[in-house]
Amino acid sequence: AQSVSQHNHHVILSEAASLELGCNYSYGGTVNLFWYVQYPGQHLQLLLKYFSGDPLVKGIKGFEAEFIKSKFSFNLRKPSVQWSDTAEYFCAVFSGGYNKLIFGAGTRLAVHP
Amino acid sequence: ETGVTQTPRHLVMGMTNKKSLKCEQHLGHNAMYWYKQSAKKPLELMFVYNFKEQTENNSVPSRFSPECPNSSHLFLHLHTLQPEDSALYLCASSQDQAGGGYGYTFGSGTRLTVV
């Protein structure tokens, strides 16, 4: 079955530190990849997505992610985090074979001033 | 606002109660989804409706009963729930089920507490 793994459940950083959140998925076919963010008390919102083309995709608020097909990975990065980036981040995968969006367990990021 | 509205935002119910969660979207989407979000667990897809037809039920206990009267509205009827059913219930929509590859739009969720 298709699954998504996020390696870190909790990450604590100071402002201006660099961020990388890991995401791996288990599906050998064509996939669409997503990162969603959930700020405290708010709805899940799309941060960025990859469908095809350039494996380095840029999203909102300075986030980017790199698709590495050989590693089945789609890691999220940000060079310099801000306190306002405190949120929970979810990686998700959609494949035509399963026709549904499968999520990882999420990574809770806390950024201290 | 995302275009997907869920009511109520919070719900506390006893184990013998019957209540319903409501979701509506005015995005012109034809697929709607219920997810359960529990702490430290992946979002669990519960039900999928595509053009009002249920296309997926992920072994959800019968105490959860979905209803999709039209493409814009989705309900989750609850009865005789257990405390472990306490969670955030999220509704989402997409153009259609195959079009879910472009991503889903989520509501803000209903925080359910079963006492």
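Preceding block: the structure.
Here the structure is a predicted model, which is why all the values come from computation and not from measurement. Sequence positions are assigned chain by chain, starting from 1 and proceeding in written order. Following the order in which they are written, the chains are lettered starting with A and the ligands numbered starting with 1. Totals for whole chains, interfaces and linings use every residue, but because this is a predicted model, local features are given only for residues with pLDDT of at least 70 and side-chain atom pairs only at 80 or more, for both listing and counting. Excluding hydrogens and water, the side-chain values take into account all heavy atoms of the structure.

Digging into the pattern of salt bridges
Residue and element names in this part refer to chain A.
- In what follows, salt bridge is the name for a side-chain nitrogen of Lys or Arg lying within 4 Å of a carboxyl oxygen of Asp or Glu. Scanning the model with the defined rule gives nine salt bridges over all chains in all.
- Here D85 makes a salt bridge to K78, at a shortest N to O gap of 2.9 Å. This pair shows no difference in class: D85 is buried, exactly as K78 is.
- Each of K58, E64, E66 and R77 takes part in salt bridges that share partners, so that together they form one network. Throughout, exposure labels follow a simple rule: accessible area from a 1.4 Å probe, protein chains only, divided by the maximum for the residue type, with under 20% read as buried, over 50% as exposed, and the rest as partly exposed.

Let's talk about the packing of aromatic side chains
- Stacked, edge-to-face and tilted labels apply to pairs of Phe, Tyr and Trp rings (six-membered ring for Trp) whose centres lie within 6.5 Å, assigned for plane angles under 30 degrees, over 60, and everything in between, in that order. Following the criterion strictly, the structure yields 18 aromatic pairs over all chains and no others.
- Seen in terms of ring centroids, F103 of chain A and Y35 of chain B are 5.5 Å apart; in terms of plane orientation they differ by 90°. Their pairing is edge-to-face. Here F103 of chain A is found in strand β11 (residues 100-103), whereas its partner Y35 of chain B is found in strand β4 (residues 31-37) on a different chain. As far as burial versus exposure is concerned, F103 of chain A and Y35 of chain B are alike and both buried.
- Consider the rings of Y35 of chain B and F106 of chain B, whose centres lie 5.8 Å apart with planes at 50°: the pair is tilted. Of this pair, Y35 of chain B sits in strand β4 while F106 of chain B sits in strand β10 (residues 105-106), and the two are 71 residues apart along the sequence.
- Feature note: the residues F34, Y36, F51, F90 and F103 of chain A together with Y33, Y35, Y102, Y104 and F106 of chain B constitute an aromatic cluster, connected by ring pairs. Helix and strand assignments follow DSSP, with helices taken as H or I runs no shorter than four residues and strands as E runs no shorter than two, numbered in order from the N terminus.

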